[in-house]
Amino acid sequence: MNWAVIFEPETLALYGNGVLTTLYLLFASLAVGAVLALVFALALTSPYAWLRWPVSAYTYVIRGTPLLIQVYLIYYGLSQLEWIQARWVTEEWPWIYFKDALFCALLAFSLNTAGYTAEMLAGAIRETSAGEIEAAQAFGMSRFQFMRRIVLPSAMRRTLPAYSNEVVMMMQSTSLASAVPGLIDITGAASRIYSDYYLPFEAFITAAVLYLIATFFLLGLFKLAERHFLAYLAPRKH
C-alpha cells in the first residue's frame, strides 16, 4: 500500500481534472437531456400516432442497448461514414465536432438520459388526475394552456424521486467516458495512476470515494427539492 502517491500534487491535480470533467459531462448531459426529454414526453403523450411511434422506437432502442455501445457507435461508428469524413475535411459545422471526444461522450450521455427521462415524465403525465384536467377544461383552457400550467408542473414534481435515481445512475455512467481516448474523468484518472504506478487498490478506492461524495451531495440536493416541491403530498399533522 502506497497512499503517499495519491496525495502527491500531480496526482491530486489529475484527480481534480477528472472531477471537473465528470461534473461537466454530468450537468451538461442532464441539461441537454432534460430539454430533449420534455419534447419527447410531449410526443409520447400526444394524441397523434405519427409523433408517438418514432419517439417510442427511440426510447426503446436507448433503453434496450448498453450505454457503452452507444458511446462507441457515436465516437467510432460515425467516423467510418464517408459522408461525415468528407465534412471533416471541409470542417463543416456541426460535423467537425464529432472529432472531439468530449463532444461525442456528451452527445451519447445526453441522448441516453433523454430516453429514460422522457419515459418517466410521460408516465407522470399519463397519471395526472382526471379531475385536474376536467377543472382546467372547465375554465376554458386549451390543451397547450393546461399542459403548461397544470399537467407539466405537477408531473415534474412527481417525477423527482425517480429522476434522482436517473441522475445518480448518469453520474456513475460518466465513468464510461474513460473508454474514449483522450478523456480523463475520475475513472480515467484512476486508470492513469494504475498504469503509471501499478497501484490499482489505491487508485480505484480514491475514485470510489470521489463518486460516493458526489452521490451524497446529489442525493442531498434532491432530498431538499422533494421536501420543497412535494410537501403537499406529505401526511398532515393533526
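Look up: the structure comes first, before these words.
1. Side note on the overall build of the protein chain
Scanning the protein chain from N- to C-terminus turns up nine helices and zero strands. Of the regular secondary structure in the protein chain, the N- to C-terminal order runs α-α-α-α-α-α-α-α-α. Reported as C-alpha extents along the three principal axes, the dimensions of the protein chain are approximately 70 × 60 × 25 Å. Nonlocal contacts in the protein chain, meaning residues at least 24 apart in sequence, comprise 76% of its contacts between residues at least 6 apart. Surface summary for the protein chain: the accessible area is close to 13,900 Å², and the carbon and sulfur share equals 68%. Taking the average location of the 15 positive side-chain charges in the protein chain and that of its 15 negative ones, the two points are 17 Å from each other.

2. Side note on the packing of helix H8 (residues 186-197) against helix H9 (residues 200-229)
At a minimum axis separation of 8 Å, H8 and H9 run at an interaxial angle of 165°. It follows that H8 is roughly antiparallel to H9 by the angle criterion. The handedness of the crossing between H8 and H9 comes out as right-handed. Side by side, H8 and H9 meet where Ile 186, Thr 187, Ala 190, Ser 191, Ile 193 and Tyr 194 of the first sit next to Pro 200, Ala 203, Phe 204, Ala 207, Leu 210 and Tyr 211 of the second. Among the residues making up the contact of H8 with H9, the classes are represented as 10 nonpolar, two polar and no charged.

3. A word on a nonpolar patch on the surface
A cluster of nonpolar side chains, namely Met 1, Trp 3, Phe 7, Leu 12, Phe 201, Ile 205, Val 209, Ile 213, Phe 216 and Phe 217, defines an oily patch on the protein surface of about 1,100 Å² accessible area. A total of six residues in the nonpolar patch trace back to one element, the largest contributor, which is H9. Here Ile 213 shows up in helix H9. Judged by its relative accessible area of 41%, Ile 213 is partly exposed.

4. Section: unusual backbone geometry
Unusually for a residue other than glycine, Tyr 198 sits at a positive phi of about 55°. By the secondary structure assignment, Tyr 198 is in the loop between H8 and H9.

5. Describing the packing of aromatic side chains
Tallied over the full model, the rule gives 10 aromatic pairs. Summarising the aromatic geometry, the rings of Tyr 163 and Phe 222 are spaced 6.1 Å apart at their centres and angled 70° between planes, so their arrangement reads as edge-to-face. In this pair, Tyr 163 is assigned in helix H7 (residues 143-173) and Phe 222 in helix H9, connecting sequence segments 59 residues apart. A relative accessible area of 13% means that Phe 222 is categorised as buried. For the ring pair Tyr 194 and Phe 204, a centre distance of 6.3 Å and an interplane angle of 55° mean the geometry is tilted.

6. Details of the side chain of Thr 215
Looking at the secondary structure, you find Thr 215 in helix H9. In contact with Thr 215, not counting residues within four places along its chain, are Val 168, Met 171 and Gln 172.

7. Overview of the environment of Arg 52
Note that Arg 52 resides in helix H2 (residues 49-64). Placed 12 residues apart in sequence, Arg 52 and Phe 40 show a C-alpha to C-alpha distance of 8.6 Å. When near neighbours in sequence (up to four residues on either side) are disregarded, Arg 52 contacts Ala 43, Leu 44, Ser 46 and Pro 47.

8. Focus on the side chain of Thr 117
On the secondary structure map, Thr 117 appears in helix H5 (residues 101-126). A polar contact is formed between the side chain of Thr 117 and the backbone oxygen of Thr 113, at a distance of 2.7 Å. Excluding its chain neighbours within four sequence positions, the residues that come into contact with Thr 117 are Ala 37, Tyr 163 and Glu 166.

9. Points about the nonpolar core
Soluble globular proteins tend to pack their nonpolar side chains together in the buried interior. Within the largest apolar cluster, 37 residues are counted, with the highest numbers of intra-cluster contacts made by Tyr 15 and Phe 109. Each residue touching Phe 109, except ones within four places of it in the same chain, is listed here: Leu 25, Ser 29, Leu 67, Val 71, Met 170, Ser 173, Thr 174 and Ala 177. Of all hydrophobic cores here, the second largest spans 18 residues; its members include Leu 44, Val 55, Leu 121 and Ala 124.

10. Digging into the packing of helix H1 (residues 9-44) against H7
Two elements in contact, H1 and H7, have axes separated by 12 Å at closest approach and are oriented at 140°. Considering the angle they form, H1 stands oblique to H7. Where H1 crosses over H7, the handedness of that crossing is right-handed. Contacts between H1 and H7 involve Leu 26, Ser 29, Leu 30, Leu 38 and Leu 42 from the first element and Met 147, Leu 152, Met 156, Tyr 163, Val 167, Met 170 and Met 171 from the second.

Criteria and thresholds
Residues numbered from 1 in each chain as written. Predicted model: local features only at pLDDT ≥ 70, side-chain atom pairs only at ≥ 80, totals over all residues. Heavy atoms only, no water. Helix = DSSP H or I, 4+ residues; strand = E, 2+ residues; numbered from the N terminus. Contact = heavy atoms within 4.5 Å. Areas by Shrake-Rupley, 256 points an atom, 1.4 Å probe, with all protein chains shown as cover. Lys, Arg positive; Asp, Glu negative; His and termini not counted. Charge placed at Lys NZ, Arg CZ, Asp CG, Glu CD. Axes fitted to C-alpha atoms, helices over the stretch in contact; angles between N-to-C directions. Parallel < 35°, antiparallel > 145°, perpendicular 65-115°, else oblique. Left-handed = near helix turned anticlockwise from the far one by under 90°. Nonpolar A, V, L, I, M, F, W, Y, C, P; charged D, E, K, R; others polar. Patch = residues over 30% accessible without salt bridge, like charges linked within 9 Å, V, L, I, M, F, W, Y side chains within 5 Å. Salt bridge = Lys/Arg side-chain N within 4 Å of Asp/Glu carboxyl O. Buried < 20%, exposed > 50% of the residue type's maximum accessible area, 1.4 Å probe, protein only. Phe/Tyr/Trp six-rings, centres within 6.5 Å; stacked < 30°, edge-to-face > 60°. Polar contact = N/O pair within 3.5 Å; in protein donor to acceptor, adjacent residues only side chain to side chain. Core = buried A, V, L, I, M, F, W, Y, C linked by side-chain atoms within 4.5 Å.

Purely geometric stuff here, so don't read any function into it on its own.
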